[in-house]
Amino acid sequence: VQTCALPIFCTYLFDLAHLFTSFYEACPVLKADAATQLQRLALCDLTARVLECGLSLLGIDAPERM
């Protein structure tokens, strides 16, 4: 990541984490019906991958669990 792009990239990761938290609070994942649960789990997994990759690019180790 180029230095001039860092603020934009960091803001993106922060906003993604904030939006995911809002989603997770509003939409039960494990209590949803089977089809909805699979979709929500996929969204959780993909969001975690993006955040982990983004943090890695910044040299930050992502926690395994929160």
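Please refer to the structure higher up on the page.
This report concerns the structure included in the present document.

What counts and what doesn't
Residues numbered from 1 in each chain as written. Predicted model: local features only at pLDDT ≥ 70, side-chain atom pairs only at ≥ 80, totals over all residues. Heavy atoms only, no water. Salt bridge = Lys/Arg side-chain N within 4 Å of Asp/Glu carboxyl O. Helix = DSSP H or I, 4+ residues; strand = E, 2+ residues; numbered from the N terminus. Buried < 20%, exposed > 50% of the residue type's maximum accessible area, 1.4 Å probe, protein only. 1 Å grid on protein atoms, 1.4 Å probe; cavity = no way out; pocket = protein on both sides within 12 Å on 5 of 7 lines; lining within 4 Å. Points joined across faces, edges and corners; volume = space filled by probe spheres on them. Nonpolar A, V, L, I, M, F, W, Y, C, P; charged D, E, K, R; others polar. Contact = heavy atoms within 4.5 Å. Phe/Tyr/Trp six-rings, centres within 6.5 Å; stacked < 30°, edge-to-face > 60°.

### Some thoughts on the pattern of salt bridges
- Counting across every chain of the model gives 1 salt bridge.
- Note that D45 is salt-bridged to R49, the shortest N-O span being 2.9 Å. Of the two residues, D45 and R49 both sit in helix α2 (residues 34-57), 4 residues apart, roughly one turn of that helix.
- Accessibility expressed as a relative area gives 35% for D45, which makes it partly exposed.

### Re the layout of surface pockets
- Here the largest pocket defines a volume of roughly 730 Å³.
- In terms of lining residues, the largest pocket is bounded by 20 residues, among which F20, A48, L51, P63 and M66 are the most central.
- At 8 residues, α2 tops the list of elements feeding residues into the lining of the largest pocket.
- Residue composition of the lining of the largest pocket, grouped by class: 15 nonpolar, 1 polar and 4 charged.

### A look at the side chain of T47
- Residue placement: T47 occurs in helix α2.
- In contact with T47, not counting residues within four places along its chain, are L16 and F20.

### A short note on the packing of aromatic side chains
- For the structure on display, the rule yields 2 aromatic pairs.
- Ring centres of F20 and F23 lie 5.9 Å apart, and the angle between their planes is 45 degrees; on these two criteria the pair is classed as tilted. Taken together, the residues F20 and F23, both in helix α1 (residues 6-26) and 3 residues apart, mark about one turn of the helix.
- Members of the aromatic cluster, each reached through a chain of ring pairs, are F20, F23 and Y24.

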